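Listed below, chain by chain, are the residues.
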Amino acid sequence: MSGGRVLEFALLGHPVSHSLSPAIHRAAFEALGVEARYRAVDVTAEELEAAMRRMGRCGGGNVTLPHKRRAAALLDGASTRVRVTGACNCFWFEGERGLVGDNTDVAGFLQAARDLVGKDWPVGRVLLLGAGGAAAAVMAACLEAGVGSVDVLNRTAEHGRSMASRVGGPGATVRVLEGPQSAGEPRGPGATPVALALPEAGPADCYDLVVNATRLGLEASDPLPLALEGVGGAAILDLVYAPNETRWVHEARARDLRAADGLGMLVEQAAASLACWLGVEPPRRIMLEAAAHAAGRAT
Ligand code: NAP
């Protein structure tokens, strides 16, 4: 596979210094006995294509914010999941096909959802909070898996509508809800965090799974993405992760709801990336331990 040379992988993004990916992949390479390096490289949008082509020839890599959409447009061969989501987070070189890529956030979410709800997957009704890149991967995964319906609730309803029409496609069972937070002017990244709320006459208490794919929870001062009173017995999947559990996950568990944070999905997207690059069975337990350690989690 490597012909005796040391393979080189990189995470390309801006910023990247906080990422857990190097720790996860290095632990995996060591466990597999693969001679490979993985480093985080801060690149601008202008530098992305050259970096992907250079790294792709040496082994491959991952792409993170803010470059996932641009990376999708630079590929010579895109997977169906890249085409559906419009985003690429994993790339490598493949002979005649050239620079190819996948969106392994989709596989990461699918496994995290299965781990959380077990035999109930695919569930009937999903409430998806958010409309950014992560939310697009979650929506694509839900529709691919055959979830009954997906309701989208986002701070900016227009972003929810545009994601639903892009990813959902005709005939998909997707609805965009307009909660009280949807009123008023669109807010930018620096605006005061806004907790989401279901429409008053809306369908509370009827979801099987609620997913937080917003940035709410990244800061300790953030409000909960959505108050849990209205969600009945739904399972809670928070894509955000924290050294121990996020506040939303903590509150969900206090209500005896099944809940998980985003560390499992992060590890599963890394495992799926490893399978793309090397065609091997990823050492998931070791990768999860490395992620938990790097996140500062008490084990
Ligand atoms: P993104 O494309 O920037 O999308 C951000 C989302 O958060 C949008 O829906 C945005 O709403 C919402 N948002 C941002 N600021 C907000 C605020 N102050 N109040 C309410 N909503 C706000 O980011 P992304 O890549 O989708 O990532 C979203 C989250 O998922 C991040 O926390 C990221 O760390 C996490 N994530 C986790 C994994 C994993 O493997 N666990 C993978 C990918 C992402 P508007 O449309 O109104 O701006």
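Above: the structure in question.
Residues numbered from 1 in each chain as written. Predicted model: local features only at pLDDT ≥ 70, side-chain atom pairs only at ≥ 80, totals over all residues. Heavy atoms only, no water.

Peer 1: Could you give an account of the sheet that holds strand β12 (residues 259-260), naming the residues involved and the relevant values?
Peer 2: Hydrogen bonds along the backbone pair up the strands of a sheet, which may run parallel or antiparallel. Across the sheet, six strands lie side by side as β9-β8-β7-β10-β11-β12; this open sheet has parallel pairing. A single partner strand is all that each edge strand has here, and the edge strands are β9 (174-176) and β12. Taken together, the three bridges between strand β8 (residues 149-153) and β9 define a ladder with parallel strand orientation. Its bridge partner being in β9, V150 is matched across the sheet by V174. Helix α5 (residues 104-117) contacts β10 (209-212), β11 (235-238) and β12 of the sheet and is inclined by roughly 145° relative to β11. (Pairing = 2+ DSSP bridges. Helix = DSSP H or I, 4+ residues; strand = E, 2+ residues; numbered from the N terminus. Contact = heavy atoms within 4.5 Å. Axes fitted to C-alpha atoms, helices over the stretch in contact; angles between N-to-C directions.)

Peer 1: Help me get a handle on the site of the ligand, residues and values and all.
Peer 2: Looking at the ligand, there are 23 residues lining it, with A134, N154, R155, T156 and H159 nearest. At a separation of 2.5 Å, an oxygen atom of the ligand approaches a polar side-chain atom of T156. Coverage of the ligand by the protein amounts to 85% of the 920 Å² it exposes when considered alone. If you list the elements that add at least two residues to the shell around the ligand, you get α6 (133-145) and α9 (263-278). A breakdown of the residues in the shell around the ligand according to their chemical character gives 13 nonpolar, eight polar and two charged. (Near = heavy atom within 4 Å. Polar contact = N/O pair within 3.5 Å; in protein donor to acceptor, adjacent residues only side chain to side chain. Areas by Shrake-Rupley, 256 points an atom, 1.4 Å probe, with all protein chains shown as cover. Nonpolar A, V, L, I, M, F, W, Y, C, P; charged D, E, K, R; others polar.)

Peer 1: Before we move on, could you go through the environment of P223 and cite the residues and values that matter?
Peer 2: For P223, the location among the structural elements is in the loop between β10 and β11. For the pair P223 and P193, spaced 30 residues apart in sequence, the C-alpha separation works out to 7.1 Å. Leave out the neighbours within four places in its chain, and P223 touches P193, V194, A195, L216 and R247.

Peer 1: Which residues make up the packing of aromatic side chains, and what are the values?
Peer 2: Across all of its chains, the model carries four aromatic pairs by this definition. Pairing F109 with W121 gives two aromatic rings, centres 6.1 Å apart and planes at 75°, and the pair type is edge-to-face. Highlighted residues: F109 in helix α5 and W121 in the loop between α5 and β7 (125-129), separated in sequence by twelve residues. Assigned by exposure class, F109 and W121 land together as buried. Clustering of aromatic rings is evident, with ring pairs tying together F9, F29, Y38 and W277. (Phe/Tyr/Trp six-rings, centres within 6.5 Å; stacked < 30°, edge-to-face > 60°. Buried < 20%, exposed > 50% of the residue type's maximum accessible area, 1.4 Å probe, protein only.)

Peer 1: Outline the layout of surface pockets, listing residues and values.
Peer 2: The calculated volume of the second largest pocket comes to roughly 260 Å³. The wall of the second largest pocket is formed by 17 residues, among which D115, L263, G264, M265 and L288 lie closest to the centre. Going through the elements one at a time, α5, α9 and α10 (284-294) are the ones with two or more residues in the lining of the second largest pocket. Of the residues forming the lining of the second largest pocket, the biggest block, five residues, is contributed by α9. Taken together, the residues of the lining of the second largest pocket sort by class into ten nonpolar, two polar and five charged. Both domain 1 (7-102 + 266-294) and domain 2 (106-261) contribute no fewer than three residues apiece to the lining of the second largest pocket. (1 Å grid on protein atoms, 1.4 Å probe; cavity = no way out; pocket = protein on both sides within 12 Å on 5 of 7 lines; lining within 4 Å. Points joined across faces, edges and corners; volume = space filled by probe spheres on them. Domains from an automatic or database assignment.)

Peer 1: If you had to explain helix α1 (residues 21-32) to someone new, which residues and values would you point to?
Peer 2: Every α-helical turn comprises 3.6 residues, leaving residues that sit three or four positions apart pointing alike. Here α1 contains twelve residues, and its C-alpha end-to-end distance of 16 Å stays within 8% of the 16 Å for a straight helix at 1.5 Å per residue. Considered for burial, the residues of α1 that qualify are S21, P22, I24, H25, A27, A28 and F29. Contacts made by the buried residues of α1 are with β1 (7-13), β2 (36-42), β3 (59-63), α9 and α10. Positive backbone phi, approximately 70°, marks G33, located one or two places after α1. (Expected span 1.5 Å × (residues − 1).)

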